[in-house]
Amino acid sequence: MKKFLIGALLALGTVTAYGETVAVIGAMDKEINLLKSQMKNIKEKKIGRITYYKGKLENKDIVLLKTGVGKVNAAVGADTVIREFGADKIIFTGVAGAINRNLNIADVVISKDLVQHDVDLTAFGAPMGQLSGESKIEFSADPQLIKLAEKSAIKVLGKDKVTIGRIATGDQFIANKEKVQFLGKEFNADAVEMEGGAVAQVAEIYGVPFVVLRALSDKADGSAEMVYSEFVEVAADNSAEIVKEMLKSM
């Protein structure tokens, strides 16, 4: 009976499997510092340029890492945490710029899916964002993790600050209105950043459930650099608090 109940809870996504490891990934120190400061029993392992912190957070087994900015760094970190540490789930935490005009600084976008906006094979008849060998442009997040992230984000920030939507990824810091308008029109994206789409692609290759959380630090327009510098730490901490709440509920 006990095994049956645990299996049923797992199917509902309400508990974490025994021995399950959750990878929590950020691109910058600001995005992981709060989480790292509250981890217990930390063991460090450096592989290449990335340091992996294995330990407990909210009584869950996690591996925390800072990949560095950009798609290649993010892909390397995601691949390694799956292959070397056996990550069963991935949560990416961090900040992004807003594309959706209805969103405000400090709001949170939870990934329904992600696209890579800097992929352009249109010369071969493919739509913008579609990689060679893929049948679609988007990489879809895990439905159970989306639900858990939404519930946790609402608890931390309130319902009016939380959106489930599309996140666009590219190796560019977006800081002009024309590009924002293009990303909104071409991809129907709600937020833009520089790592999530690469993590999503790696996770899909390995069949690992994932979700990306992005707290908005700027409007991705002409004021982006100035506003980003002012709000990045607040936004990063908001995203980290949601991760903690998610871990409590796993």
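Residues take numbers from 1 onward in each chain, read along the sequence in its written order. With pLDDT at 70 or above as the cut-off, local features in this predicted model cover only qualifying residues; side-chain atom pairs require 80 or more to be listed or tallied, and sums for whole chains, interfaces and linings still use all residues. Based on all heavy atoms of the structure, the side-chain values leave hydrogens and waters out of the count.

## Regarding the environment of V192
Each helix is a run of H or I in the DSSP string that is no shorter than four residues. Each strand is a run of E no shorter than two, and both are numbered from the N terminus. Examined against the element boundaries, V192 turns out to sit in strand 9 (residues 191-193). Each C-alpha atom, one on V192 and one on A96, is 5.6 Å from the other, the two residues being 96 residues apart in sequence.

## Topic: unusual backbone geometry
Here the phi dihedral of E58 falls at roughly 55°; this positive angle occurs in a residue that is not glycine. Positionally, E58 belongs in the loop between strand 3 (50-57) and strand 4 (60-66). Accessible area is worked out with a 1.4 Å probe on protein chains only. A residue is then buried under 20% of its type maximum, exposed over 50%, and partly exposed in between. The partly exposed category is assigned to E58, whose relative accessible area is 26%.

## Re helix 6 (residues 196-206)
Every buried residue of helix 6 is accounted for by G196, G197, A198, V199, A200, V202 and A203. Count one or two residues on from helix 6 and you reach G207, which has phi positive near 70°.

## Examining the packing of aromatic side chains
Note on aromatic pairs: the rings of Phe, Tyr and Trp (six-membered ring only in Trp) are paired at centre separations within 6.5 Å, and the planes decide the class, stacked below 30 degrees, edge-to-face beyond 60, tilted for the rest. Overall, the coordinates contain two aromatic pairs when judged by the stated rule. Ring geometry for Y52 versus F85: centroids 5.0 Å apart, planes at 25°, classification stacked. In this pair, Y52 sits in strand 3 while F85 sits in the loop between helix 3 (71-83) and strand 5 (89-98), placing the two residues 33 residues apart along the sequence. F85 matches Y52 in its accessibility class, with the two residues each being buried. Here F182 and F187 contribute two aromatic rings whose centre-to-centre distance is 6.3 Å and whose plane-to-plane angle is 90°, an arrangement assigned as edge-to-face. Residue classification places F182 among the partly exposed positions, given a relative accessible area of 31%. Assessed through its relative accessible area of 2%, F187 is described here as buried. For a Lys NZ or an Arg CZ to count as sitting over a ring, it must be within 6 Å of the ring centre and within 35 degrees of the ring normal. The ring centre of F85 lies 6.0 Å from the NZ or CZ of K45, which sits over that ring.

## Considering the side chain of E193
Along the polypeptide, E193 turns up in strand 9. What qualifies as a polar contact is a pair of N or O atoms within 3.5 Å, subject to a donor-acceptor requirement within protein and to the restriction that residues adjacent in sequence count only when both atoms come from side chains. Polar contacts involving the side chain of E193 include one to the main-chain amide nitrogen of E195, which spans 3.2 Å. A contact between two residues is defined here by any heavy atoms of the two lying within 4.5 Å. Not counting the four nearest positions on each side in its chain, E193 is found in contact with V95, A96, L114, I167, A168, T169, G170, V212 and R214.

## Thoughts on the side chain of K244
Structurally, K244 is set in helix 7 (residues 224-249). With residues near it in sequence (within four places) discarded, K244 still touches L35, Q38, L57 and E58.

## Looking at the pairing of strand 6 (residues 108-116)
Here strand 6 lies mainly inside the structure; eight of its nine residues are buried. For two strands to be treated as a pair, DSSP must find no fewer than two bridges joining them. Where strand 6 lies against strand 8 (residues 162-169), eight bridges are found, and the strand directions are parallel. Pairing of I110 across the sheet is with I164, part of strand 8. Where strand 6 lies against strand 7 (residues 139-140), two bridges are found, and the strand directions are antiparallel. Bridge assignment links D113 to a residue of strand 7, and that residue is S140.

## A short note on helix 4 (residues 143-157)
To estimate how far a helix should reach, multiply one less than its number of residues by 1.5 Å. With 15 residues, helix 4 extends 21 Å between its outermost C-alpha atoms, agreeing within 8% with the 21 Å of an ideal straight helix rising 1.5 Å per residue. Along helix 4, the positions that sit buried rather than exposed are L145, I146, L148, A149, S152 and A153. Buried residues in helix 4, looked at end-on, bunch into an arc of 165°, giving them a common side. Exposed and facing more than 90 degrees away from the buried side of helix 4 are P143, K147, K151 and K155. Trailing helix 4 by a residue or two, G158 shows a phi angle of about 100°, which is positive. Note that the arc is computed from the directions linking the helix axis to the C-beta atoms.

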